[in-house]
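Read off the chains here:
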Amino acid sequence: MDRESSVLISRPICFVTILLMLSACDGGGGSGGSADSAGSLASPGAASGSDVVGSATSGGTHAATATSTTGTASSLTPSSAQIPIPVEASVSPSTGNSAKNVAVSLSASQTQIEIGQTVTLDWQSANASSCTASGGWIGSRGVSGTQVQVSLQASTDFWLSCTDVAGAGAMSGVSVTVRPAKSLRVEFKAEPATVSKSEQSVLTWTASDATHCASSNDWSGERPVEGRFDTGALSRTMTYTLECSNADFTEVATVSVGVKTLSIEWQAPVQNEDGTSTVDIAGYRVYWGAGPDTADGSFTINDARQTSWQPDLPRGKYYFSVSAFDQDGNESQPSKPVLKDLS
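All values derive from a computational prediction rather than experimental measurement.

**Observations concerning the pattern of salt bridges**
Step number 1: Tallying each qualifying case throughout the model produces six salt bridges.
Step number 2: Across the salt bridge formed by aspartate 303 and arginine 305, the nearest N and O atoms sit 3.3 Å from each other.
Step number 3: When its relative accessible area of 73% is taken as the criterion, arginine 305 is described as exposed.

Have a look at this one:
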């Protein structure tokens with residue numbers, strides 16, 4: 001044998017070699033049964049006593065010792081004898097059986113898919129010797145593994161049952177819901193996608209197979225499944241979101257309309273024309289014109305800390321220059337003109 005156990009028994013008992021035969025004994029603790037000449041076993045009587053179970057070691061043989069106070073033991077009469085225990089036997093002092101419970105888990109990579117899509121099944125088990133699949137997959141499986149289920153056409157339940165060598169087992173299952181193929185499509189666009197300040201854009205959309213649409217972000221409210229919307233004059237970049245749905249699906253689309261901004265920027269002067277430090281700058285004056293030497297307009301900024309300005313002018317090309325003035329109204333020469341396109 002690969003493994004044996006040592007058992008010490010302190011009561012009248014018979015010794016049995018469990019791989020070969022069963023023998024009955026007549027103990028002093030009750031009325032025992034009798035064995036016929038062919039070795040068949042009658043129902044045993046009650047017995048009392050205690051068993052001490054030793055540890056099993058591989059490759060060795062342990063002696064079991066019995067001391068009889070009354071009665072006689074059939075089959076074995078010596079005071080000590082060798083009692084082999086088979087490898088697969090497991091003895092517990094309280095129950096006589098220490099078999100571990102079988103456990104199994106089965107999961108799917110997705111539990112909701114569209115028709116024709118695939119899922120991957122993954123399973124593990126503990127204390128099992130074999131597994132069998134049923135439901136949406138059939139046949140023997142290893143005690144752990146993965147499997148890809150291709151092109152599911154309908155909602156499917158997958159089951160896996162695993163058992164040990166004694167027949168005890170456990171089962172696990174997972175359901176995969178297959179939805180109809182997605183038919184909802186939302187086309188949403190803004191033209192033009194970029195405008196100058198105070199200009200507008202037009203939003204258009206079509207939601208095929210939708211039953212309801214609603215808008216959010218820089219517009220709001222219920223919308224038809226197909227429509228057009230004028231943004232009105234814009235002064236900043238705007239974001240428009242459209243959400244459309246039917247009984248099975250929801251789709252969200254978003255567009256943005258950018259507003260071009262032109263900023264004229266300059267550096268504050270640190271010294272006067274005579275080389276002295278500037279200490280009393282009161283503000284700046286921005287000039288523009290169609291040519292580098294012409295001034296068709298100007299804008300005064302009465303804040304020495306502001307060094308930028310966004311012109312609000314009709315489309316076109318302009319030359320810009322900037323001058324500084326102090327608290328007494330003295331103004332510097334304009335800077336070198338810079339050409340900007342406001343189209």
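Here the narrative resumes, following the displayed structure.
**Remarks on the nonpolar core**
Step number 1: Core analysis: the biggest nonpolar cluster contains 21 residues, and Phe188, Leu203, Tyr240 and Leu242 have the highest contact counts within it.
Step number 2: Broken down by secondary-structure element, the contributors of at least two residues to this core are β15 (185-191), β17 (202-208), β21 (238-245) and β22 (250-260).
Step number 3: The residues contacting leucine 242, other than those within four sequence positions of it, are Val186, Phe188, Trp205, Cys213, Ala214, Trp219, Arg223, Glu251, Val252 and Ala253.
Step number 4: Formed by 18 residues, the second largest nonpolar core is a distinct cluster that contains Val104, Ala133, Phe158 and Cys162.

**Let's talk about the side chain of threonine 278**
Step number 1: Residue position: threonine 278 is located in the loop between β23 (264-265) and β24 (281-289).
Step number 2: In this view, threonine 278 contacts Pro269, Val270, Gln271 and Asn272; residues no more than four positions away in its chain are not counted.

**Observations regarding the state of the cysteines**
Here a disulfide denotes a covalent bond joining the sulfur atom of one cysteine to the sulfur atom of another.
Step number 1: Following the criterion strictly, the structure yields two disulfides and no others.
Step number 2: Between cysteine 131 and cysteine 162 runs a disulfide, and the two sulfur atoms are separated by 2.0 Å. Since a negative S-S torsion denotes a left-handed disulfide, the cysteine 131-cysteine 162 link at about 110° is right-handed. With a gap of 31 residues between them, cysteine 131 in strand β10 (residues 130-135) and cysteine 162 in strand β13 (residues 156-163) connect regions that are remote in the sequence. A single burial state applies to cysteine 131 and to cysteine 162, both of which are buried.
Step number 3: Paired by a disulfide, cysteine 213 and cysteine 244 hold their sulfur atoms 2.1 Å apart. Across the S-S bond of cysteine 213 and cysteine 244 the torsion is about 115°, and the bridge reads as right-handed. Placement of cysteine 213 in strand β18 (residues 212-217) and of cysteine 244 in strand β21 is noted, with a sequence separation of 31 residues between them. There is no split in this pair, since cysteine 213 and cysteine 244 are both buried.
Step number 4: When the cysteines of the protein that form disulfides are numbered from the N-terminus onward, they connect as 1-2, 3-4.

**Some words on the sheet that holds β13**
Step number 1: Strand order in the open sheet formed by five strands is β8-β14-β13-β10-β11, with mixed pairing between adjacent strands. In this open sheet, the two strands that pair with only one neighbour each are β8 (112-114) and β11 (139-141). Taken over all neighbouring pairs, the strand axes of this sheet differ in orientation by 30° on average, direction set aside.
Step number 2: Judged from the three bridges that link them, β10 and β11 form a sheet pairing that is antiparallel. Its bridge partner lying in β11, alanine 133 is registered against glycine 139.

The rules we used
- Residues numbered from 1 in each chain as written.
- Predicted model: local features only at pLDDT ≥ 70, side-chain atom pairs only at ≥ 80, totals over all residues.
- Heavy atoms only, no water.
- Salt bridge = Lys/Arg side-chain N within 4 Å of Asp/Glu carboxyl O.
- Buried < 20%, exposed > 50% of the residue type's maximum accessible area, 1.4 Å probe, protein only.
- Core = buried A, V, L, I, M, F, W, Y, C linked by side-chain atoms within 4.5 Å.
- Helix = DSSP H or I, 4+ residues; strand = E, 2+ residues; numbered from the N terminus.
- Contact = heavy atoms within 4.5 Å.
- Disulfide = S-S within 2.5 Å.
- Pairing = 2+ DSSP bridges.
- Axes fitted to C-alpha atoms, helices over the stretch in contact; angles between N-to-C directions.

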